[in-house]
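Fold and geometry: a report
Each chain, written out:
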Amino acid sequence: METLGVELGERSYPIHIGPGLLMQLRQCLPPLAGRQLLVVTNDTIAPLYLEPVLASLQDYETSSLILPDGEQFKTLDTLNRIFTCLLERRHSRTTTLIALGGGVIGDITGFAAAAYQRGVDFIQIPTTLLAQVDSSVGGKTGVNHPLGKNMIGAFHQPRAVIADTDTLNTLPPRELAAGLAEVIKYGLIRDLTFLDWIETNMPRLVAREPDAMTYAIRRSCEIKAEVVAADEREGGLRAILNLGHTFGHAIEAAQGYGQWLHGEAVAAGMVMALELSARLGNLRPEQVARGRAIIAAAGLPVQGPAGMSVDSYLEKMAVDKKNVDARLRLVLLEAMGSAIVTTDFDPEQLRATLHDCTAQA
Ligand code: NAD
Ligand code: GLY
């Protein structure tokens, strides 16, 4: 097991990464406020992993709640189901919620923990690659609103992240690729050496070689932990973690949540961000082509859905948490391996980029 830290003063916490951790959860748990635990998971993950989790937590007063699977259930209604369950089972303020699943379960359980009785502890047990490299770390929690993704939520850090790499063996290939999108993102925004490594080792990652996966997860978590420690509440730097996400959120919202996977939408969105960066003179065409090839090698889309218009992108992109006073703020590259967050671009350059990207789709 490898352990990294997210350094946030009294809210610091460990990220444990390794095989077989579900069987040894007790050794990974931080000190708990009380003895009540609620494991929140979904009906895909429960048959695979709930039993070992409950078995390794049998010394506590542990129960579980199984939600329906899907981004379309990341809603206030589902959140209310968690509150109802906690109240019916008389969970007090010393309870701890455990999110067992991907980013959807992690985000909604974390938000429930942030709000239940004004805040209780929670632990992330991420079971998708995307959740292990991104969503379980950093304390962003929330649900979707019909008018915008992740629009209702809170910053609430977990007490620990426990990433059992064995769980990735049951992940469908499309979900694995979606997680690789976020791994590639870290290389593009912050670490050219890591991007080189990803490019060379992509066949090993696609084949889920344990050593390669563990390295990719560790390096991704190191980068995320460093950025979150520097800017927990996204006053500035943290926004770079959203490379491709503004375009990607537009795709997700336009297609209906759950049609395009988050990571797939981010992948196509990162290509759009690279194209706009090149149009602004920050990247050379061959660097855009390189980024595009790395994304394609992961089995990810490099263009948005057919039939989505420029205006449809712009309309959806106008609803984004990074925007300032209704001005669109985007994450772009100033160079390969180095991201900036900027409002400093001509809207016509964005429109022209979207025009080219939608014409190819
Ligand atoms: P997900 O949670 O929907 O999981 C993907 C699918 O894989 C689901 O069907 C799930 O049931 C299944 N699954 C999970 N683990 C499995 C396993 N080990 N074996 C087999 N199937 C498994 O999607 P995701 O990609 O993990 O997360 C996407 C969500 O995360 C989005 O809602 C996105 O907004 C959010 N997100 C949040 C942050 C953050 O910082 N909080 C960052 C990135 C993404
Ligand atoms: N996934 C973006 C963030 O955590 O800030």
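Residues numbered from 1 in each chain as written. Chains lettered and ligands numbered in written order. Predicted model: local features only at pLDDT ≥ 70, side-chain atom pairs only at ≥ 80, totals over all residues. Heavy atoms only, no water.

The next thing to look at is the overall build of the protein chain. Secondary structure summary: the protein chain contains 13 helices and 11 strands in total. Against the compact-globule benchmark of 21 Å for 361 residues, the protein chain has a radius of gyration of 20 Å, which places it among compact chains. With respect to the principal axes defined by its C-alpha atoms, the protein chain has extents near 60 × 40 × 35 Å. Out of the 361 residues belonging to the protein chain, those deemed buried represent 57%. Sequence separation of at least 24 residues holds for 75% of the intrachain contacts in the protein chain that already meet a minimum separation of 6. Carbon together with sulfur atoms contributes 50% to the accessible area of the protein chain, which is approximately 14,400 Å² in total. Mean positive and mean negative side-chain charge positions of the protein chain (32 and 41 charges, respectively) differ by 4 Å. (Helix = DSSP H or I, 4+ residues; strand = E, 2+ residues; numbered from the N terminus. Rg over C-alpha atoms; globule rule 2.2 N^0.38 Å. Buried < 20%, exposed > 50% of the residue type's maximum accessible area, 1.4 Å probe, protein only. Contact = heavy atoms within 4.5 Å. Areas by Shrake-Rupley, 256 points an atom, 1.4 Å probe, with all protein chains shown as cover. Lys, Arg positive; Asp, Glu negative; His and termini not counted. Charge placed at Lys NZ, Arg CZ, Asp CG, Glu CD.)

This next bit is on the pairing of strand β8 (residues 148-155). In this sheet, β8 lies alongside strand β7 (residues 140-145) in antiparallel orientation, the contact comprising five bridges. Bridge assignment links G142 to a residue of β8, and that residue is G153. Following β7, the chain reverses through two residues before pairing antiparallel with β8. (Pairing = 2+ DSSP bridges.)

It is worth spelling out the pattern of salt bridges at this point. Inspection of the entire model under this criterion finds 21 salt bridges. A salt bridge links R292 to E275, with the shortest nitrogen-to-oxygen separation between them at 2.7 Å. Of this pair, R292 sits in helix α11 (residues 285-297) while E275 sits in helix α10 (residues 262-279), and the two are 17 residues apart along the sequence. Among the charged side chains, a salt-bridge network with shared partners connects E2, D191, R218, R219 and E222. (Salt bridge = Lys/Arg side-chain N within 4 Å of Asp/Glu carboxyl O.)

Below, the discussion takes up the site of ligand 1. Looking at ligand 1, there are 27 residues lining it, with D69, E71, T127, T128 and T170 nearest. Between ligand 1 and the protein, one listed contact pairs an oxygen atom with a side-chain N or O atom of K74 at 2.8 Å. At a separation of 3.0 Å, an oxygen atom of ligand 1 approaches a polar backbone atom of V104. Isolated, ligand 1 exposes 870 Å² of accessible area, and the fraction of that covered by the protein chains is 91%. (Near = heavy atom within 4 Å. Polar contact = N/O pair within 3.5 Å; in protein donor to acceptor, adjacent residues only side chain to side chain.)

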